[in-house]
Structure formats: structure tokens, C-alpha cells
Amino acid sequence: MADKQISLPAKLINGGIAGLIGVTCVFPIDLAKTRLQNQQNGSRLYTSMSDCLIKTIRSEGYFGMYRGAAVNLTLVTPEKAIKLAANDFFRHHFSKDGKITLFKEMLAGCGAGTCQVIVTTPMEMLKIQLQDAGRIGKRRSNLANTALFVTLSGTVETKSPTAMQITRQLLREKGIAGLYKGLGATLLRDVPFSIIYFPLFANLNNFGKRGAEGPAPFYVSFISGCVAGSTAAVAVNPVDVIKTRLQSLTRGNTEDTYAGVTDCIRKIMRNEGPSAFLKGAYCRALVIAPLFGIAQVVYFLGVGEFILTPV
């Protein structure tokens with residue numbers, strides 16, 4: 001099966017479908033993760049993931065949990081397609097006689113993570129604004145007129161913006177670079193994630209293969225994707241917190257703003273302590289585990305076995 005050649009369009013299509021199905025299933029948890037990570041001392045509205053989801057339903061309705069989902073559902077197809085297909089591409093070129101070393105597996109994951117940020121950064125940038133709008137609105141109503149919420153451009157937010165409005169504003173004020181705010185933090189998150197995830201998934205999945213050449217059953221691929229995804233997600237959660245803070249354009253006047261990765265780390269350590277870097281970690285694990293489990297199953301069902309035998 002390692003020699004089986006699958007066309008690149010097939011890999012892209014199935015990788016995209018995989019991401020689409022996965023995101024639909026776990027998006028409310030991702031929304032809770034974003035809101036929990038953006039909370040700073042003195043501005044806490046939610047105590048846990050369940051508290052966040054309950055309050056979101058009460059104040060914004062059931063579909064409030066899917067705020068920003070349209071952006072994700074639109075861009076997750078190319079994002080996941082690039083990620084899975086790029087890893088497959090690099091693994092194929094790094095392999096020798098159907099085998100690949102652990103170092104080259106990690107190198108392939110690094111390549112996949114680097115490629116995906118082309119789509120991931122603007123997708124996350126827009127998604128975070130939409131997901132956090134409910135938290136900002138709730139905090140504004142709680143503080144009434146005692147605090148003023150403004151965007152980076154200095155304009156007062158009176159209602160939740162749409163993805164197109166945010167995109168137009170960013171392009172008008174900052175050009176294409178506005179959509180890539182937090183690119184460095186995204187690279188610092190996604191490259192290590194892929195370095196951990198892909199080799200771990202490949203080796204776990206190989207344990208369930210039917211014989212030396214046979215593919216692993218779909219449930220083995222699902223479990224392997226869940227375990228590898230949750231492990232990698234928790235490992236890079238501190239960088240995910242930094243990325244989320246950097247990409248949030250709207251804040252209250254009692255909340256910190258950040259000039260870059262180093263400034264963000266310094267202020268979080270000073271004002272919130274090291275534990276702040278673990279905010280939303282269990283939410284992220286719950287998002288990534290089924291997301292990548294489902295993604296791998298759908299990808300394998302459509303494309304076939306592509307994992308090569310590790311040395």
C-alpha cells in the first residue's frame with residue numbers, strides 16, 4: 001500500500017472533506033476555548049467550558065455557539081487539505097524503500113505545518129474576532145457605560161461585525177498584512193504541532209495494521225488521530241494562548257494589548273502567571289482529538305493508506 005499512487009487532487013479533496021466534517025462536530029468547544037483564552041484577570045466572565053457554553057446559549061441562542069463557523073467552514077477545506085497533502089508529499093519524498101526515519105517524519109510534519117499557515121493565519125484571524133464578539137458584548141453590557149470598548153483603529157464597537165466587514169477594514173487600514181497578524185505565533189504553534197502529531201499518529205496507526213502491508217482498521221486510525229491530536233494540542237497550548245491574544249483586535253480598557261510575542265509573554269507572566277498559558281488546554285484537546293480523528297478516517301476512506309513504515 002505504501003507504493004500506491006494517489007493523485008494530488010484526490011488528496012486535496014478528501015483532506016478538505018475531512019476537515020469540513022471535523023470542524024462541524026467540534027466548533028462550539030473551539031468557541032469556548034477562544035473565549036476562555038482571551039479572558040484576563042479582572043475581566044473573567046466564564047469559569048469553565050461548560051459555563052461558557054451555557055452562558056453563550058442563554059445570551060446568544062443556540063447558534064451563538066457557531067459564531068464564526070462560516071469562516072472556518074469556508075477556509076478549513078483548503079487548510080486541512082494543504083496540511084494532510086503536504087505531509088503526505090514530504091513523507092513520500094523523504095522515504096526510502098517504503099521506510100522513513102523518525103527524524104524525517106518530524107521534518108515532513110514541519111513542512112506540512114509551514115505550508116498550512118498560508119490559509120490558517122487569516123482564517124484564525126477572522127474566526128477569533130467573530131468568536132470573541134459575544135464575550136466582548138456581554139462584558140460591555142455588564143460594565144454598562146463605565147468602560148469603553150474600542151478596536152485598534154480607535155472606533156467604538158456598537159455591534160458584532162461580520163467577517164466581510166472585518167476583512168475590508170483590515171485590508172483598508174493595514175493591507176494584506178492585516179490578515180496575517182500573528183503569523184509568527186501561528187508558525188510557532190502549527191509547526192511544532194505537526195512535528196509532534198504526524199510522527200505520533202503514523203507510529204500509533206502502524207500498531208493496528210493488518211499484517212505488514214495491510215491498512216489499519218478505521219477505528220484504529222480514529223483512535224490514533226485522537227490520541228496524537230490531543231497530545232500535540234496540549235503541548236502547544238501556551239503558544240495558542242499567545243496567538244489568540246495577539247489576533248484579538250477588540251478589547252476593553254481594562255485589558256492588556258500586546259506589541260508582539262515577547263511582549264505578550266511578558267505581560268501574561270506579570271499579570272496572570274504561568275497558569276494562564278494553560279487556559280483552554282482541555283478545550284483545545286477536546287477540539288483537536290475528534291477533529292483529527294475524524295479527519296484521518298475520512299482521509300483514509302477516500303484516499304487510502306498513505307502512512308509509510310517507520311524504521
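Basis of the calculations
- One numbering rule holds for all chains: residues counted from 1, following each sequence as written.
- Residues qualify for local features only when their pLDDT is at least 70, as the model is predicted, and side-chain atom pairs are given and counted only at 80 or more; totals for whole chains, interfaces and linings, by contrast, use all residues.
- Based on all heavy atoms of the structure, the side-chain values leave hydrogens and waters out of the count.
- In this description a helix means any DSSP run of H or I spanning at least four residues, a strand means any run of E spanning at least two, and both kinds are numbered starting from the N terminus.
- Between two residues, a contact is recorded if the distance between any of their heavy atoms is within 4.5 Å.
- Fitting a line to C-alpha atoms yields each axis, with helices limited to the stretch in contact; the angle taken between N-to-C directions then spans 0 to 180 degrees.
- By definition in this entry, angles of less than 35 degrees are roughly parallel, angles greater than 145 are roughly antiparallel, angles of 65 to 115 are roughly perpendicular, and the rest are oblique.
- Should the near helix be turned anticlockwise from the far one by less than a right angle, the crossing is termed left-handed; should it be turned clockwise, right-handed.
- Residue polarity follows a fixed list, in which Ala, Val, Leu, Ile, Met, Phe, Trp, Tyr, Cys and Pro are nonpolar, Asp, Glu, Lys and Arg are charged, and the others, Gly among them, are polar.
- Criterion for a salt bridge: a side-chain nitrogen of Lys or Arg within 4 Å of a carboxyl oxygen of Asp or Glu.
- Burial status follows relative accessibility: with a 1.4 Å probe on protein chains alone, a residue under 20% of its type maximum counts as buried, one over 50% as exposed, and anything between as partly exposed.
- Stacked, edge-to-face and tilted are the three classes for Phe, Tyr and Trp ring pairs, Trp counted by its six-membered ring, which pair at centre distances within 6.5 Å; planes under 30 degrees apart are stacked, over 60 edge-to-face, the rest tilted.
- What goes into a patch is any residue over 30% in relative accessible area without a salt bridge, connected to like charges within 9 Å or, for nonpolar side chains (Val, Leu, Ile, Met, Phe, Trp, Tyr), within 5 Å.
- Where accessible areas are quoted, they stem from the Shrake-Rupley method and a 1.4 Å probe; at the residue level, only the protein chains shown are allowed to cover.

Student: What exactly am I supposed to notice about the environment of A233 here?
Tutor: Mapped onto the elements of the fold, A233 is located in helix 8 (residues 218-235). Considering only alpha carbons, one finds A233 and I288, 55 residues apart in sequence, at a separation of 6.6 Å. Look past the residues within four positions of A233 in its chain and what remains in contact with it is F193, R284, A285 and I288.

Student: Hey, could you run me through the packing of helix 7 (residues 183-207) against helix 9 (residues 237-247) in this one?
Tutor: In a packed pair of helices, the relevant descriptors are the angle between the two axes and the axis-to-axis distance. As a packed pair, helix 7 and helix 9 sit with axes 9 Å apart at the nearest point and diverge in direction by 155 degrees. Put simply, helix 7 runs roughly antiparallel to helix 9. As for how helix 7 packs across helix 9, the hand of that crossing is left-handed. Only V239, D240, K243, L246 and Q247 of helix 9 make contact with helix 7, whose side of the interface consists of A185, T186, L188 and R189. Across the contact of helix 7 with helix 9, the residue classes break down as four nonpolar, two polar and three charged.

Student: Sorry if this is basic, but what is going on with the packing of helix 9 against helix 10 (residues 261-271) here?
Tutor: Between helix 9 and helix 10, whose axes approach to 10 Å, the crossing angle comes to 110 degrees. Taken as axis vectors, helix 9 and helix 10 run roughly perpendicular relative to one another. Seen from helix 9, the contacting residues are V241, I242, R245 and L246; seen from helix 10, they are V261, C264, I265 and I268. Split by residue class, the contact of helix 9 with helix 10 holds seven nonpolar, no polar and one charged.

Student: What's the story with the environment of N206 in this structure? I'm lost.
Tutor: Looking at where N206 falls in the secondary structure, it is placed in helix 7. In the structure, N206 is positioned 18 residues away from S224 in sequence and 9.3 Å away in space, judged by C-alpha atoms.

Student: Please clarify how the pattern of salt bridges should be interpreted in this entry.
Tutor: When their charged atoms lie close together, side chains carrying opposite charge are able to pair. For the structure shown, the criterion picks out 15 salt bridges. Ionic pairing is found between R67 and E60, a salt bridge with its closest N-O pair at 2.9 Å. The residue R189 makes a salt bridge to D190 at a minimum N-O spacing of 2.7 Å. Taken individually, R189 and D190 each receive the classification buried, so the pair is uniform in this respect. A single salt-bridge network, built from bridges that share partners, covers D30, K33, E124, K127, R189, D190, D240 and K243.

Student: Please explain the packing of aromatic side chains as it appears in this structure.
Tutor: Per the stated rule, a full pass over the model turns up eight aromatic pairs. Between F27 and Y66, the ring centres sit 6.1 Å apart and the planes meet at 15 degrees, which makes this aromatic pair stacked. You can see F27 sitting in helix 1 (residues 8-38) and its partner Y66 sitting in the loop between helix 2 (49-60) and helix 3 (69-94), a full 39 residues away along the chain. Note on F27: relative accessible area 2%, which makes it buried. Of the residues examined, Y66 reaches a relative accessible area of 25% and is grouped as partly exposed. Note on F193 and Y197: the rings are 5.8 Å apart at their centroids and 15 degrees apart in plane angle, and the pair reads as stacked. Of this pair, F193 and Y197 are both found in helix 7, four residues apart, which corresponds to roughly one turn of the helix. Chaining the aromatic ring pairs together yields one cluster made of F27, Y62, F63 and Y66.

Student: Sorry, what's going on with a nonpolar patch on the surface here?
Tutor: Where nonpolar side chains cluster on the molecular surface, the patch consists of F218, Y219, F222, I223 and V227 and spans about 490 Å² of accessible area. Among the secondary structure elements, Y219 is positioned in helix 8. For Y219, a relative accessible area of 48% gives the class partly exposed.

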